[in-house]
Amino acid sequence: MFDPALETLDAPALARHQWRRVQALLAETWGGGPGAGNAFLQRKLRAAGVRGPGDVAGWSDFRRLPFTRKLELAADQAAHPPFGTNLTYPLERYVRVHQTSGTTDQPLRWLDTQESWEWWARCWGFVLRAAGIGPADRVFFPFSFGMFIGFWAGFEGARALGALTIPGGGQDSATRLTWMDKLGVTALVCTPSYALHLVEIARDRRIDLAKLPLRVTVHAGEPGAGIAAVRARIEQGWGARAFDHAGMTEIGAYGYECAEQAGLHVNETEFIAEVIDPATERPAREGELVLTNLGRVGSPLVRYRTGDRVRLADGPCPCGRTFVRLDGGVLGRLDDMLIVRGVNVFPSAIEGIVRRFPAVDEFQIEVFRAGALDEVRVLLEVDDTSVTVAVHEAFRADLGIRLEVSAVPPRTLPRYDLKARRVVRKP
Ligand SMILES: [Zn+2]
C-alpha cells in the first residue's frame, strides 16, 4: 500500500478524516474578506443559502450542498476566459495548466498550484503502489506530453515514488518498443487502446514482447482495462498484469485497483464519493458517481457530477483496504449511452464482447439517428468474415439486441495513442 494507515481506516475514522478536510477546504475557499477566496464556489453556495463555512456543520449539511455540473464550469470559463472563476488564489499562485480532451464539447481548462500538483502526484502514488510499482521499477510513459493531464500526473507520481521515469514523447510506436527493450522497462502506463496498438506493432515487427522484463501495465484515460475481455487481451499480448485506473482532468486521479482486482477502489482520503440516481438525484447503489476532491484547494470541486456510471461493490476487499469499491470500474459515460430499440447500451459493453474475438484487431461503432432512436452498426477489422456472424450472435445473446455487424479490411480503421474515439455519429 502507498499509505497503509490511511488505506485501512475504519469507517468512523475515515469520516472524521474527511470531515477535517472538508472544513479546511471550505475555510480556505471562503477566504478572508471581500474579493478573497473562490468566487465560483462562493457564488454557488451562497445561492444555496450558505452564508459561510459555519453553515456546513455536519454531513447532513454537506449532503444538501448543490451539485456541480460540467456545463456550469464550461459556462463560467466562457464568461470569464480563459480560466474561469473557480480559482481560490490569484493567478500567480498557479503553475500548471491542462485541459480536458473535449471529445463531446468545449474543452475545460484547469489550473494547478504547486500544492495541488504535488497532490496529483500523491494520488498517483496510491495508483502505482497498488499495482506493485516501486523504486526498483523503470516506468515508461509512451505519451506525447501535451495538454492532457493524465500521464503528466502519472509521471510525477512515479517519480515521487522513487521509480525511474522514462518519457516516451516524440517517438513513433516502433521506436518506443525499441526503447522499452533497451532501457529494461518493467512498467508501462498508457491508455488501454494504445497498449493494444503497441501489441499489433510488435506483432508486425516480429518483436517478442514476452522477452521484455515488463511486469505491470497501468491504464488510464478510458475504462478499457476494467472490461474483462480487454484486460485479458492486454495481459496476453504483453505477458504482464494489467491494472485499471480512473481519473478526470477536472477532479483528479480518484480510482485504482489493488492486487485483488476486485473493482476500482476510490481513494477516500482524498475524495468523497457518492453514487446517485441521475434522474432523482437520490443515493443509489448503481448510478452516477459524484465526487468531492479534498486536496486541490486552488481549484476544487464540491459534489461534482462526473457523468461516470458506476455500481458499488458489496463487502470488504480481501486486500485490507477499507475504501469503497466500484464493481467493474467505470461502466460507461452517461452521455455516451446509446438507446437501441429501447435497450440501453454502453459502448464499453459492445467493446467487452468484440474483444473476446482474437481475430478482430480493431473496431468502430457507427451510430445513425433513426427518428428519436439510435441505430448502430459495428465495423470489425477482420480477415475472416465468419467472425462477424459469431459477434452478431454474441451481441444478441449478451445484450439482447441484434446489431448490424460488417467486416472491413485489415488496417483500415484508426488507431489511437491516447483516448480512442470508436463511436462515430453518422448523419
Ligand atoms: Zn482491494
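The coordinates are above.
This is a predicted model, so every value here is computed, not measured. (Residues numbered from 1 in each chain as written. Predicted model: local features only at pLDDT ≥ 70, side-chain atom pairs only at ≥ 80, totals over all residues. Heavy atoms only, no water.)

## Considering the overall build of the protein chain
Within the protein chain, the regular secondary structure consists of 12 helices and 20 strands. Relative to the 2.2 N^0.38 estimate, which gives 22 Å for 427 residues, the radius of gyration of the protein chain is 22 Å and therefore close to what a compact globule would have. Dimensions of the protein chain along its principal axes, counting C-alpha atoms only, are 70 × 55 × 45 Å. The buried share of the protein chain, reckoned over its 427 residues, is 54%. Residue pairs at least 24 apart in sequence account for 66% of intrachain contacts in the protein chain once pairs closer than 6 positions are excluded. Summed over all atoms, the accessible surface of the protein chain reaches about 18,100 Å², with 53% contributed by carbon and sulfur. (Helix = DSSP H or I, 4+ residues; strand = E, 2+ residues; numbered from the N terminus. Rg over C-alpha atoms; globule rule 2.2 N^0.38 Å. Buried < 20%, exposed > 50% of the residue type's maximum accessible area, 1.4 Å probe, protein only. Contact = heavy atoms within 4.5 Å. Areas by Shrake-Rupley, 256 points an atom, 1.4 Å probe, with all protein chains shown as cover.)

## Let's talk about the sheet that holds strand β12 (residues 304-311)
Pairing is antiparallel across the open sheet formed by four strands, whose spatial order is β10-β11-β12-β14. In the strand order of this sheet, the two ends are held by β10 (271-276) and β14 (332-333), each with one partner. Note that strand β11 (residues 286-293) and β12 share five bridges and pair antiparallel. For E286, the partnering residue across the bridge sits in β12 and is R311. (Pairing = 2+ DSSP bridges.)

## What to know about empty space enclosed by the protein
Under the criterion given, the structure shown has two cavities of 30 Å³ or more. In this structure, the largest cavity spans a volume of roughly 70 Å³. Looking at the largest cavity, the residues that line it are L73, D76, Q77, F83, N86, L87, R109, W110, L111 and S299. Elements with a minimum of two residues in the lining of the largest cavity: α5 (70-79) and β2 (109-113). Grouping the amino acids of the lining of the largest cavity by side-chain chemistry returns five nonpolar, three polar and two charged. Taken as a whole, the second largest cavity holds about 30 Å³ of empty space. As for the second largest cavity, its lining consists of V22, L25, L26, F62, L65, T292 and V302. (1 Å grid on protein atoms, 1.4 Å probe; cavity = no way out; pocket = protein on both sides within 12 Å on 5 of 7 lines; lining within 4 Å. Points joined across faces, edges and corners; volume = space filled by probe spheres on them. Nonpolar A, V, L, I, M, F, W, Y, C, P; charged D, E, K, R; others polar.)

## What to know about the sheet that holds strand β13 (residues 325-326)
What the eight strands build is an open sheet, ordered β4-β3-β5-β6-β7-β8-β9-β13; its pairing is mixed. The open sheet has two free edges, formed respectively by β4 (164-167) and β13, since each of these has just one partner strand. As defined by bridge partners, strand β7 (residues 241-248) adjoins strand β8 (residues 252-256) across four bridges and the pair is classed as antiparallel. Bridge pairing in β8 links A246 to G255. Lying over the sheet, helix α6 (residues 114-130) contacts β5 (187-190), β6 (216-219), β7 and β8, oriented at roughly 15 degrees with respect to β8. (Axes fitted to C-alpha atoms, helices over the stretch in contact; angles between N-to-C directions.)

## With respect to the environment of K182
With respect to the helices and strands, K182 occurs in helix α8 (residues 173-182). Overall, K182 belongs to the exposed group, its relative accessible area being 61%.

## Here's the deal with the nonpolar core
Among the nonpolar cores identified, the biggest contains 55 residues, and W124, V218 and Y254 are the most heavily contacted of them. Element by element, the count of residues in this core is highest for α6, at nine residues. Not counting residues within four places of it along the chain, the set of residues in contact with W124 comprises G150, A153, G154, G157, V189, V218, A220, H245 and A253. Among the nonpolar cores identified, the runner-up in size contains 24 residues, and V185, Y194, L209 and L214 belong to it. (Core = buried A, V, L, I, M, F, W, Y, C linked by side-chain atoms within 4.5 Å.)

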